[in-house]
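# Coordinate analysis (summary)
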Amino acid sequence: MNGDPFSAVADKHSEFVDLQGLNKPQYEAVTTTEGPVLVIAGAGSGKTRTLVYRVAHLVDKGVAPESILLLTFTRKASQEMLWRAGRLLNETCSRVVGGTFHGIANLLLRRYGSHLGFDSSFSIIDRADAEGIVNLLKSSLGLGKKEKRFPSKRVVVNMISGAVNKSMNLETLVQEQYGHLLDHLEDIEKLRRHYHDFKLDHGLMDYDDLLVNLRRLLEESPEVQQTIAGRFSYIMVDEYQDTNLIQADIVRLAANESKNVMVVGDDSQSIYSFRGADFYNIMRFPKDFGDTRVIKLEENYRSTQPILSLTNNIIENAAEKYTKTLFTSIEGDWLPKLFGGRDELEEASFIVQTIKKLIQQGVEPANIAVLFRSSFHSYKLEIELTADRIEYEKRGGLKLTESAHMKDMIAFFRVLTNPQDTLSWNRILLQLEKVGPATAQKISNTIAGADDVLYTLQNYRAKTTWKEAFDRLVLLYEKLLGAEQKPGMLFEIALHYYQPIFERLYSDDYPKRQKDLDQLKGIMEGYEELQSFIDDTALDPPEQVNAEESCMDRLVLSTIHSAKGLEFDAVFVMGLADGRFPHASASYGEQWEEERRLLYVAATRARKYLYLTYPRQLMTPDRQFRRTGMSPFLSEMSGGLFERINGTGAGGYGQREQISLEEALPVRKKKTKKLQMEDFSVGCKVRHPFFGTGTVKKTSKGRSLDIYFDRHGLKTLHLDYAKLTIL
Ligand SMILES: Nc1ncnc2c1ncn2[C@@H]1O[C@H](COP(=O)(O)OP(=O)(O)OP(=O)(O)O)[C@@H](O)[C@H]1O
């Protein structure tokens, strides 16, 4: 051994986990188990692999799996990492505690929340519920009745939540971001207070409360703080660049016993500041924890060099970043392509035709992704794909539980776990014929003060017009309470009651909605316990996919946010037009920079082929066409990093312009002999990577050729540099 820590790989620190598959900094991050560690990881540099190995290595070293906490951005991410760690070592890794900040906060608050005066049966409300409550309070307080410009429920919730997540006071937030609504500040403050009290009175917590209350618990109850900090002696946090200040405080407080905390992040991939994420958390970490070991992962294992050169160039122009230089040893000479179509239709046709060719060339559909900024940007593309019978899976759209009929159904289960959840009672009561909002509210209020909700309902004096329906509901509640059944069985009981109501309420399209109920049934059957089902659907709702249609081998259409952490052989980033990306409302500065990082995240998903596309014409909201250019992020890229392909200018790409399409495709590598002057003659057809097809007009005694290109005119090119192909 030569004193090089990396040579210790040969010593096999781990008994069973083979650490040879790690590079030097990855190895250092895996084996530096004691003390604070900050891993600055570039895109595709093996963050996930490092976390997986670290979990397995810790367990292998003898650390109790239950004392390891792995915090990830989605629940699925931690499940996958623990599964992979299990494959490296053994299934004991599944006992590691993994989940999102919100998920872990939920578990800890149910367990220790009584120290703050919370009942363990609180319900978690989602965004739509929060807006519903604000709306209710707005009208009961008589706010915004005469005043047309009073902010909508959506904007009020944005303000309340924004102030919490950005750790700002409401007044500053309104001043800075909603200056035009400053006149309403007093009423907004009032609404916030009432919203806060309403949640407390009804045993409700929104997403922000979960984090805020966990931090309070750790700060205000030294006993609980010690228990939690003592329980988790090794903490790891993924995607640290997307945490907010409250989450950073939680990490600090939970890790302050052992200080064995590793956070992993890439400041260049921070794309959630609109939700309060603060990428300075990464910069601050070494200050929060003294003696932090900073490790940089800079070798990219995902993309070819031309793709990496382009993505490095995108982020080079960022205003602020941790300096890291990504490199790769994956060779390749296929340059990323930039396509500008006449309009969205031509952009979509180009993508569809190229996808078809890629599939013909053997790229698996599931290894191709089309990424966009907002879900509706893929609308034209979806029509084109359907016309061409190309199946796809769309991600990042509506969540399954966001639709009204699903909320209806879930409400039955929510009142079982929290009988005081009047929001759900209100929803259930409004399903009854002849029961209007005032009656529903009156009954809900009675329930809110009741010790025994079933008894209160059984003795409620219903009006004859709705008594029969009400009695049926009370009977259902009694049945569900007495069932003591697994979630799957509870679903059957509730559906039996709800089906006729469902068919009446959604008489227009209930057959289409029915498949969601079937999907819900499948999901509930997978749970042993109702509370976990309720928490998971509130915290990490599944996406709306057709169960029987969902399969693994489809082309992926996804918002960029939902493609975080994934990789594909071929990636199309579409809609890169000025005014669309960055978004027209993005102001110069922070928002602009976040949009740049969003493009960076999208482009770094590509392994071998990257296509950046944009329409040169966009439809405005008033259905006018507006000419536009490419995104400023593209126009500021250095030349030579991509090849440009232009559309036909006539719409319907592909039928007319086969040649550009060929240029767009990866060329199967053939061993070609170096071309000599003798191979060319006047009239010979050639192709140039940038100028397209042309005809040789003159050959010289030296090594230069005069070629007339269909789209670029006469050029004199040197044979050694021109990369010509004879057609
Ligand atoms: N040491 C290594 N040797 C070989 N392949 C590696 C190594 N480290 C990572 N990889 C591979 O590189 C790819 C990217 O790794 P991973 O997904 O862990 O990156 P990441 O840092 O999480 O990426 P991103 O932040 O961009 O989502 C994966 O296919 C992974 O298997």
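Residues numbered from 1 in each chain as written. Predicted model: local features only at pLDDT ≥ 70, side-chain atom pairs only at ≥ 80, totals over all residues.

## Considering the overall build of the protein
What the protein contains, in helices and strands, is 26 helices and 22 strands. Expressed as a percentage of the 727 residues in the protein, the buried residues total 41%. (Helix = DSSP H or I, 4+ residues; strand = E, 2+ residues; numbered from the N terminus. Buried ≥ 20, exposed ≤ 12 C-beta atoms within 10 Å, placed from the backbone.)

## Overview of the sheet that holds strand β11 (residues 392-395)
Spatial strand order, β11-β12-β10-β13-β14-β9-β17: seven strands in an open sheet with parallel pairing. Each edge of the open sheet is held by one strand with a lone partner, namely β11 and β17 (643-646). Each strand axis lies, on average, 20 degrees off the axis of its neighbour in the sheet, ignoring direction. Here strand β10 (residues 368-372) runs beside strand β13 (residues 568-573); their pairing, made up of four bridges, is parallel. Opposite Ala369, over in β13, you have Val571 as the bridge partner. (Pairing = 2+ DSSP bridges. Axes fitted to C-alpha atoms, helices over the stretch in contact; angles between N-to-C directions.)

## Things to note about the sheet that holds strand β20 (residues 704-709)
Here we have five strands laid out as an open sheet, ordered β21-β20-β19-β18-β22, and antiparallel in their pairing. This sheet does not close on itself; its edge strands, each paired only once, are β21 (713-718) and β22 (725-726). As paired elements, strand β19 (residues 692-699) and β20 share five bridges and run antiparallel to each other. The partner of Thr695 across the bridge, within β20, is Tyr708.

## Here's the deal with the domain arrangement of the protein
Split by domain assignment, the protein resolves into domain 1 (24-115 + 210-299), domain 2 (123-202), domain 3 (311-397 + 549-645), domain 4 (400-539) and domain 5 (677-726). For domain 1 versus domain 4, the distance between C-alpha centres works out to 37 Å. (Domains from an automatic or database assignment.)

## So, the site of the ligand
Close to the ligand lie 18 residues; Ala43, Gly46, Lys47, Thr48 and Tyr301 are nearest. Ranked by residues supplied to the shell around the ligand, first place goes to helix α2 (residues 47-60) with three residues. Across the shell around the ligand, the residue classes break down as four nonpolar, ten polar and four charged. (Near = placed C-beta within 6 Å. Nonpolar A, V, L, I, M, F, W, Y, C, P; charged D, E, K, R; others polar.)

## Things to note about the pairing of β13
With five of six residues buried, β13 lies mostly within the body of the structure. Sheet topology places β13 next to strand β14 (residues 606-615); five bridges connect them, and they run parallel. Opposite Phe572, over in β14, you have Tyr611 as the bridge partner.

## Structural notes on unusual backbone geometry
For the bond from Phe581 to Pro582, the omega torsion is 5 degrees, close enough to zero to count as cis. Of note, the phi angle at Ser167 is positive, near 50 degrees, even though the residue is not glycine. Mapped onto the elements of the fold, Ser167 is located in the loop between α6 (153-165) and α7 (170-177). If you check the backbone angles, Arg389 has positive phi at about 55 degrees while not being a glycine. Tracing the chain through its elements places Arg389 in the loop between α15 (379-387) and β11.

## Here we look at the environment of Ala538
With respect to the helices and strands, the residue Ala538 is situated in helix α23 (residues 530-539). Contacts of Ala538, omitting those with residues within four sequence positions, involve Ile124 and Asp126. (Contact = placed C-beta atoms within 7 Å.)

## Focus: helix α1 (residues 24-31)
Counting buried positions over the eight residues of α1 gives six, a clear majority of the element. Residues of α1 that are buried sit in contact with β1 (37-41), α2, β7 (261-265) and β8 (293-297).

## Let's talk about the packing of α7 against helix α8 (residues 185-201)
The interhelical angle for the contact between α7 and α8, taken along N-to-C directions, is 135 degrees, at an axis separation of 11 Å. With respect to their mutual orientation, α7 and α8 come out oblique. As α7 runs across α8, the sense of the crossing is right-handed. In contact with Leu170, Glu171 and Val174 of α7, α8 contributes Leu185, Ile188, Glu189 and Arg192. Among the residues forming the contact of α7 with α8, the class breakdown is four nonpolar, no polar and three charged. (Parallel < 35°, antiparallel > 145°, perpendicular 65-115°, else oblique. Left-handed = near helix turned anticlockwise from the far one by under 90°.)

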